[in-house]
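Below, each chain spelled out in residue letters.
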Amino acid sequence: MPEAVTYRSLQDVVVRANRLFPDTRFFLSKDPAMPYVLGRELYRLCGRLGSKVRHGGMQGAHIALLGPNCAAWISAYFAVVSGGCTAVPMHLGTPDDELASCLERADVSLLLYDAACQAQADALQRLLPELQMQELHTFLQELNTDGDLVFPELKRDGMAALYFTSGTTAQSKCVILTHGNMGAHCTTAMAALPLSLDDAGLSILPPSHTFELMTNIVGALHCGGTLYINESLRTVKRNLQKYQPTILVVVPLVLQTLHKEILNTARRQGKLEKLQKGLKLSGALQAVGIDISRRLSQDVYDVLGHNLRYFLCGGAALDPELIRFFKCLGITVLQGYGITECCPIVAANLPGANRIGSIGRAFPCCETAIIDGEICVRGGSVSPGYYRDEAATAESYRGGWFHTGDLGRMDRRGFLYFQGRAKNLIVLANGENVSPEELETRLYQLDGVRDAIVYEKHQQITAEVYADPAVFPDAAALWQAVSEINRHLPPYKQIGNLIYRENEFEKTATQKIKRRAATEAAS
């Protein structure tokens, strides 16, 4: 594992990568215009933008980025932040009017867009005729010219980036992340996470998500490791086999999908019973210090790749049974908890301190407390608030703490446990409180359930499910499985109403269901 390093900002990450890994190919993708970027090339791009900012009057400009994951997007992001401007990442798939609203709210003066997003860029130009725009690769080509390199001194409390929250339950908020926030998080994360020069990663999450940026992307630059860029969720299986990564940064949906793919593959090959027996034996032997996990069916590793050691998982509630499943296969799931306002990781399980069912201990860059049942955070990685939104800032930042809106508890050893979103909590007429996330976890355990949310409708616990029609051809078939779940629940927690969806839910960039949109449509 690399030596401990103190970072003050993302600019420090670039400078160090240039010094230690000048000829390393970072962020390998299938983008023909820029299939990767060398450490020294990234350093030069950052320095050239710093010069342009100093001599061109762009100090503090808010520059948005829109495009798929690639070396060009990542290079432009680091150049903007390192050069003294403020980066505003935009999520792919956001509707034109919503995107235009975000650009206005963030006071964006320049939009850098990938050519793949030309149609949306044209639509945005019509909605915001005063907004300057430039194609991403063209912007980088113009930077990559002879001239001086400038790396301005970045103030600790200066704005590095503005991030819009996913807005699953309300309108998205514009989160300020400072250079100091990012530096504090990088320092802690790179010292804590199990990353090394020999690691290869596969970037599955969008770079506009702080979890991906502050783990996979910064991790590659910190360690000099290889990071391949995945094209879409449909190509994950193929790229796992092709690139054989050692570490994956994922959200629970990816683990759920891989779990079902492994079981379905074994079922098709008539090897499901053999696999289940092998998993049971592997788990029993691990309990006494004997590891036979890699001797299980090689078909499993044909799905996952043969070198995978760790999943770093966050972004939503995770079923502990998935962690045990992959542990029996010899792959450690390190579950964490984060939120954009904390840059994002607040707590995480780590090698040697991995408690299944918990979200880990607090990262040293922040302090956590449970106040009235809510997870609260303060420290160097915590955002100072929301951009030009005093009311939202005052609501979430109280008494010296950032109030996450997430319910939780902490045990005597400092491990945190996530117990659901406060805004999602179902309060029944009889006074009982029900966490929808708990019921959703049970629904996702059903083979054939692709997506599910649980909410209250007319004082009844309602489950809305999108399922594989080959497994559940209609609502009656699905209700039989839900009834079996209810048999193991106390009466007040039982699902009383079922909505069988025939189309997918609307989702965020990280594939989380937009809960508010779904519940409003059902009301």
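Please read these numbers as outputs of a predicted model, since none were measured by experiment.

We now examine empty space enclosed by the protein. In the structure shown here, the tally under the stated rule is 2 cavities of 30 Å³ or more. In this structure, the largest cavity encloses a volume near 150 Å³. Every element with two or more residues in the lining of the largest cavity is listed here: strand S9 (200–203), helix H8 (210–223), strand S10 (226–229) and strand S11 (247–250). The element that contributes the greatest number of residues to the lining of the largest cavity is H8, accounting for 5 residues. Classifying every residue of the lining of the largest cavity gives 8 nonpolar, 7 polar and 1 charged.

According to the stated counting rule, one finds 22 salt bridges in the structure shown. Here Asp-148 and Arg-48 are joined by a salt bridge, their closest N and O atoms 3.7 Å apart. Residue Asp-148 is found in the loop between helix H6 (136–143) and strand S7 (159–164), and its partner Arg-48 is found in helix H2 (residues 39–56); the two are separated by 100 residues along the sequence. Residue Asp-148 is classed as partly exposed on the basis of its relative accessible area of 38%. Here Glu-440 makes a salt bridge to Arg-515, at a shortest N to O gap of 2.9 Å. One end of the pair, Glu-440, is in helix H15 (residues 436–444); the other, Arg-515, is in helix H17 (residues 515–522), with 75 residues separating them in the sequence. Residue classification places Glu-440 among the buried positions, given a relative accessible area of 8%. Relative accessible area serves as the criterion here: at 14%, Arg-515 is assigned to the buried category. Three or more residues are tied together by salt bridges with common partners; here these are Lys-237, Glu-261 and Arg-268.

Turning our eyes to something else, we now look at the packing of aromatic side chains. Evaluation of the coordinates by the stated rule reveals 10 aromatic pairs. Ring centres 4.6 Å apart and planes at 25° place the aromatic pair Tyr-43 and Phe-151 in the stacked group. Of the two residues, Tyr-43 is situated in helix H2 and Phe-151 in the loop between H6 and S7; the sequence distance between them amounts to 108 residues. Following the ring pairs from residue to residue traces out a cluster consisting of Trp-73, Tyr-77 and Phe-78. Against the face of Tyr-417 rests Arg-409, its NZ or CZ located 4.0 Å from the ring centre. A cation over an aromatic ring shows up here: Arg-501 above the ring of Phe-505, its NZ or CZ 4.0 Å from the ring centre.

Another point: unusual backbone geometry. The linkage connecting Cys-343 with the following residue, Pro-344, adopts the cis geometry, with an omega of -5°. When you line up the elements, Pro-344 lands in the loop between strand S13 (332–338) and strand S14 (345–348). A positive phi angle is found at Asp-372, which is not glycine, with a value near 55°. Following the sequence through the fold, Asp-372 ends up in the loop between strand S16 (366–371) and strand S17 (374–379).

Attention shifts here to the nonpolar core. In a soluble, globular protein the nonpolar side chains are often hidden away together inside. Phe-27, Tyr-77, Phe-78, Met-182 and Phe-326 are the most contacted members of the largest nonpolar core, which has 122 residues in total. Ranked by residues supplied to this core, first place goes to helix H3 (residues 71–82) with 10 residues. Every residue in contact with Phe-326, bar those within four places of it in the chain, is listed here: Leu-255, Leu-258, His-259, Ile-262, Leu-304, Phe-311, Ile-331 and Val-333. Ile-426, Leu-439, Val-449 and Ala-481 belong to the second largest nonpolar core, which has 30 residues in total.

Let us now look at helix H10 (residues 252–268). Between the first and last C-alpha of H10 there are 24 Å, a value that for 17 residues agrees with the 24 Å anticipated at 1.5 Å per step. Of all 17 residues making up H10, 12 are buried, and the element is well covered by its neighbours. For H10, the complete set of buried residues consists of Pro-252, Leu-253, Val-254, Leu-255, Gln-256, Leu-258, His-259, Lys-260, Ile-262, Leu-263, Thr-265 and Ala-266. In the stretch just after H10, Gly-270 is the one whose phi turns positive, near 70°.

On to the packing of helix H7 (residues 179–192) against H8, then. How two helices sit against one another is set out by the angle between their axes and by the gap between those axes. One can describe the packing of H7 onto H8 by two numbers: an axis separation of 10 Å at closest approach and a directional angle of 70°. The angle between H7 and H8 places the two elements in the roughly perpendicular class. Where H7 abuts H8, its residues Met-182, His-185, Cys-186, Ala-189 and Met-190 lie against Leu-213, Met-214, Thr-215, Val-218, Gly-219 and His-222. Taken together, the residues of the contact of H7 with H8 sort by class into 7 nonpolar, 4 polar and no charged.

Thresholds applied
- Residues numbered from 1 in each chain as written.
- Predicted model: local features only at pLDDT ≥ 70, side-chain atom pairs only at ≥ 80, totals over all residues.
- Heavy atoms only, no water.
- 1 Å grid on protein atoms, 1.4 Å probe; cavity = no way out; pocket = protein on both sides within 12 Å on 5 of 7 lines; lining within 4 Å.
- Points joined across faces, edges and corners; volume = space filled by probe spheres on them.
- Helix = DSSP H or I, 4+ residues; strand = E, 2+ residues; numbered from the N terminus.
- Nonpolar A, V, L, I, M, F, W, Y, C, P; charged D, E, K, R; others polar.
- Salt bridge = Lys/Arg side-chain N within 4 Å of Asp/Glu carboxyl O.
- Buried < 20%, exposed > 50% of the residue type's maximum accessible area, 1.4 Å probe, protein only.
- Phe/Tyr/Trp six-rings, centres within 6.5 Å; stacked < 30°, edge-to-face > 60°.
- Lys NZ or Arg CZ within 6 Å of the ring centre and 35° of its normal.
- Core = buried A, V, L, I, M, F, W, Y, C linked by side-chain atoms within 4.5 Å.
- Contact = heavy atoms within 4.5 Å.
- Expected span 1.5 Å × (residues − 1).
- Axes fitted to C-alpha atoms, helices over the stretch in contact; angles between N-to-C directions.
- Parallel < 35°, antiparallel > 145°, perpendicular 65-115°, else oblique.

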